[in-house]
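For reference, the chains in residue letters:
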Amino acid sequence: MSYPFRVTDATVDVVEALLSGDEELYGLKIAKMTGRPSGSVVPILMRLEGCGWVLSEWEQDETARGPRRRFYRLHADRSGEARRLVSERRKPSRKSVSSILRPEFGGAR
C-alpha cells in the first residue's frame, strides 16, 4: 500500500505507539516508548500531522510544572490504515520463519 509519507522503521514505531491507546502521548513519552531519540520522533509526528494522520494540541493545565507539552493522537479516520501499516511492516521475514521451521539450519533448537 502507498502512504503519503516515507515509511521507515522509526515511523512504524511511532505509529505503533500512537495505536497504544494511551490518552496522553507527547514527544518525549513516545520517544521513550519507541526507544528512539526525540530528535527523530518529533519530525515524524510533524510529518504525520501534516498528512492528516495525527492531531495535536497543547497541554491546557496551567498548574503543570515544566514546559507545556504537545499531546498527539492518531486521527480516528486513519486508525485502520495505521494498523495495516504496522502489521505489514512487522511481519516476520521469510528467513526468520524458515529458521523457526527448520532449526537444523541455524534456528532455535
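Predicted model only: the values in this text are computed from it and were never measured. Here the residue numbers are simple positions, counted from 1 along each chain's written sequence. Where local features are concerned, this predicted model is filtered to residues with pLDDT of at least 70; where side-chain atom pairs are given and counted, the filter is 80 or more; whole-chain, interface and lining totals use all residues. Working from all heavy atoms in the structure, the side-chain values ignore hydrogens and water.

## Structural notes on the packing of helix α1 (residues 9–18) against helix α2 (residues 27–34)
As a reminder of what qualifies: Only the stretch in contact is used when fitting a helix axis, every axis being a line fitted to C-alpha atoms; angles between N-to-C directions are given from 0 to 180 degrees. Strands here are runs of E lasting at least two residues and helices are runs of H or I lasting at least four, both read from the DSSP assignment and numbered beginning at the N terminus. Roughly parallel means an angle under 35 degrees; roughly antiparallel means over 145; roughly perpendicular covers 65 to 115; every other angle is labelled oblique. Crossing handedness follows the turn of the near helix against the far one: under a right angle anticlockwise gives a left-handed crossing, and clockwise gives a right-handed one. In this description, contact between two residues means that some pair of their heavy atoms is separated by no more than 4.5 Å.
Two elements in contact, α1 and α2, have axes separated by 9 Å at closest approach and are oriented at 110°. Between α1 and α2, the angle is such that the two are roughly perpendicular. Judged by the twist between their axes, the crossing of α1 over α2 is right-handed. Contacts between α1 and α2 involve D13, V14, A17 and L18 from the former and I30, M33 and T34 from the latter.

## Quick look at the side chain of S56
Applicable threshold: Only protein chains enter the accessibility calculation, which uses a 1.4 Å probe. A residue is then buried if its area is under 20% of the maximum for its type, exposed if over 50%, and partly exposed in between. Under the rule applied, a polar contact is a pair of N or O atoms within 3.5 Å (in protein, one hydrogen donor and one hydrogen acceptor; residues adjacent in sequence only if both atoms are side-chain atoms).
With respect to the secondary-structure elements, S56 resides in strand β2 (residues 54–58). Owing to a relative accessible area of 18%, S56 belongs among the buried residues under this scheme. A polar atom in the side chain of S56 sits 2.6 Å from the side chain of E49. Of note is the side chain of S56, whose polar atom sits 2.9 Å from the side chain of R70. Beyond its immediate stretch of four places on either side in the chain, S56 contacts E49, R70, F71 and Y72.

## Focus: the packing of α1 against helix α3 (residues 38–50)
Worth spelling out the cut-off: Only Asp, Glu, Lys and Arg are considered charged in this grouping, and only Ala, Val, Leu, Ile, Met, Phe, Trp, Tyr, Cys and Pro are considered nonpolar; every other residue, Gly among them, is considered polar.
Two elements in contact, α1 and α3, have axes whose closest approach is 10 Å; the angle formed by their N-to-C orientations is 75°. Here α3 runs roughly perpendicular to α1, going by the angle between their axes. Touching A10, T11, V14, V15 and L18 of α1 are V41, I44, L45 and L48, all from α3. Residue composition of the contact of α1 with α3, by class: 8 nonpolar, 1 polar and no charged.

## Considering the packing of aromatic side chains
Note the threshold: The pairing test for Phe, Tyr and Trp rings, Trp by its six-membered ring, is centres within 6.5 Å, and the orientation test on the planes gives stacked under 30 degrees, edge-to-face over 60, and tilted for anything in between. Here, over-ring charges are defined by two tests on the NZ atom of lysine or the CZ atom of arginine: distance to the ring centre within 6 Å, and angle to the ring normal within 35 degrees.
Counted according to the given criterion, the structure contains 4 aromatic pairs. For the ring pair Y3 and W53, a centre distance of 5.9 Å and an interplane angle of 75° mean the geometry is edge-to-face. In this pair, Y3 sits in the segment before α1 while W53 sits in the loop between α3 and β2, placing the two residues 50 residues apart along the sequence. When the centroid spacing of 6.1 Å and the interplanar angle of 80° are considered together, the rings of Y26 and F71 count as edge-to-face. Taken together, the positions of Y26 in strand β1 (residues 25–26) and F71 in strand β3 (residues 70–74) put the pair 45 residues apart, joining distant regions of the chain. F71 sits in the buried class, given a relative accessible area of 14%. Taken together, the aromatic side chains of Y3, F5 and W53 make up a single cluster linked through ring pairs. Above the face of the Y26 ring, R69 is positioned so that its terminal group lies 4.6 Å from the ring centre.

## Examining the layout of surface pockets
Here is the rule: We place a 1 Å grid over just the protein atoms. Points where a 1.4 Å probe fits but has no way out form a cavity, open points with protein on both sides within 12 Å along at least 5 of 7 lines form a pocket, and any residue with an atom within 4 Å of a point lines it. Grid points are joined across faces, edges and corners, and a volume is the space filled by probe spheres set on the points.
As a volume, the largest pocket reaches approximately 150 Å³. Lining the largest pocket, in full, are Y26, G27, V42, W58, P67, R68, R69, R70 and Y72. The class makeup of the residues in the lining of the largest pocket is 5 nonpolar, 1 polar and 3 charged.

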